[in-house]
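Here's the letter readout for the chains.
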Amino acid sequence: MPDSTKPIPHSSSPRATATKAGYNTGARLALIGVAVNFCLALIKIVAGLLGNAYALIADGIESTLDIFSSLIIWFGLKVAAEPPDEEHPYGHGKAEPLASIVVALIVIAAAIGLSIESIHEIITPHHAPAPYTLAVLVGVIIIKETLFRKVSGAAEQLGSTAVKTDAWHHRVDSLTSAGAFIGISIALIGGKGWEQADDWAALFTCTIIGYNGYRLMMPALHEVMDTAPPKELEASVRTIAASVPGVADVEKCRIRKMGLDYYVDIHIGVDANLTVRTGHEISHAVKDAIRTVKPEVVDVLVHIEPVEPAAV
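Scope of this entry: the structure provided in the associated data block. (Residues numbered from 1 in each chain as written. Predicted model: local features only at pLDDT ≥ 70, side-chain atom pairs only at ≥ 80, totals over all residues. Heavy atoms only, no water.)

1. Describing unusual backbone geometry
Positive phi, close to 55°, is recorded for D226, a residue that is not glycine. Here D226 is to be found in the loop between helix 6 (197-224) and helix 7 (231-242). (Helix = DSSP H or I, 4+ residues; strand = E, 2+ residues; numbered from the N terminus.)

As structure tokens, this is what we get:
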């Protein structure tokens, strides 16, 4: 009989195959983001330099950082897709939230650096931005919002922290472009004396970037720290275990997330007079029931507690 305590899921199991496919989907979306960000960054920086629009230049620099961020996400997902081995018996899923943390830190650092440069531009006299920069920003907003919706939908389906981080990069880019659009519009409409409006927009944009970097980092940190998943999942696991014949009580239940998968440690009570074999069979039944109803749970460690017959 197989050992129910072994934490390494079979690499050819349906769940392992689905998990690997999920990581590959996320990695493919990250590479699409790299290609799109490269093109948009080049367009925004050139248009900003030629059109005296620092808000557009800042937006282009943020897109350039998104290229490296997407590459980090891609690398993290590729590592996370590797199957468990002797050195990593629980798999490589932690590479996913670690990639998210690195990206979030890059975003926060970029926000600080761009804020400093925006303040410098505000106190430095310069020409008003060119009108054609508005058309560039409209195109960027449409493209980025479309990408956000596509990648965000995939993130929800996969339950991936890293893919969600990548999706919000696209949303942040569309928001920063919208802020730049407003600032440049004010500068053009206001005329002389309003040239710094786009720089103020860039400064506001940096605030949004920094906040989103922090907001994206926290879920990844929680995952790395093995923070408990939503209470609904634990309640569901407890209910499934309690419904298995022979289970008299469900005591401790601990769940942790590892990439796209979950691992469960659960203590169940059974009749103290049962044989070891029977108790072992019940533990397997609990494990199979949980994994059947909750396919995202790749392994269940079941601990048997004796319960006196009078209490059963």
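So, next bit.
2. Concerning a nonpolar patch on the surface
Residues F38, L42, V46, L50 and Y132 make up a contiguous nonpolar surface patch of about 540 Å² in total accessible area. Element by element, the count of residues in the nonpolar patch is highest for helix 1 (residues 14-50), at four residues. Note that L50 resides in helix 1. Look at L50 and you get exposed, because its relative accessible area is 64%. (Patch = residues over 30% accessible without salt bridge, like charges linked within 9 Å, V, L, I, M, F, W, Y side chains within 5 Å. Areas by Shrake-Rupley, 256 points an atom, 1.4 Å probe, with all protein chains shown as cover. Salt bridge = Lys/Arg side-chain N within 4 Å of Asp/Glu carboxyl O. Buried < 20%, exposed > 50% of the residue type's maximum accessible area, 1.4 Å probe, protein only.)

3. Here's the deal with the pattern of salt bridges
Per the counting criterion, the structure on display carries seven salt bridges. A salt bridge links R149 to E145, with the nearest nitrogen and oxygen atoms 3.6 Å apart. In this pair, R149 and E145 both sit in helix 4 (residues 132-158), four residues apart, roughly one turn of the helix. One salt bridge in this structure joins E234 and R238, with 3.2 Å as the shortest N-O distance. Here R238 and E234 lie together in helix 7, a separation of four residues that amounts to about one turn. The exposure class assigned to R238 is partly exposed, which follows from its relative accessible area of 27%. Here the salt bridges share partners, and the residues they tie into one network are K94, D226 and R256.

4. A short note on the nonpolar core
Ranked by size, the top nonpolar core spans 31 residues in total, and within it Y23, Y54, I73, L77, L114 and I209 carry the most contacts. Taken together, the elements giving at least two residues each to this core come down to helix 1, helix 2 (54-80), helix 3 (95-122), helix 4, helix 5 (161-190) and helix 6. In this structure, I73 is in contact with A30, A99, S100, V103, A162 and D166, ignoring residues within four places of it in sequence. In this structure, Y262, V264, I282 and V297 belong to the second largest nonpolar core, which totals 20 residues. (Core = buried A, V, L, I, M, F, W, Y, C linked by side-chain atoms within 4.5 Å. Contact = heavy atoms within 4.5 Å.)

5. Here we look at the packing of helix 7 against helix 8 (residues 276-293)
In contact at an axis separation of 9 Å, helix 7 and helix 8 are set at 135° when each is read in the N-to-C sense. Comparing their axes, helix 8 and helix 7 come out oblique. Considering only the axes of helix 7 and helix 8, their crossing is right-handed. Only V286, A289, I290 and V293 of helix 8 make contact with helix 7, whose side of the interface consists of V237, I240 and A241. Tallied by class, the residues present in the contact of helix 7 with helix 8 amount to seven nonpolar, no polar and no charged. (Axes fitted to C-alpha atoms, helices over the stretch in contact; angles between N-to-C directions. Parallel < 35°, antiparallel > 145°, perpendicular 65-115°, else oblique. Left-handed = near helix turned anticlockwise from the far one by under 90°. Nonpolar A, V, L, I, M, F, W, Y, C, P; charged D, E, K, R; others polar.)

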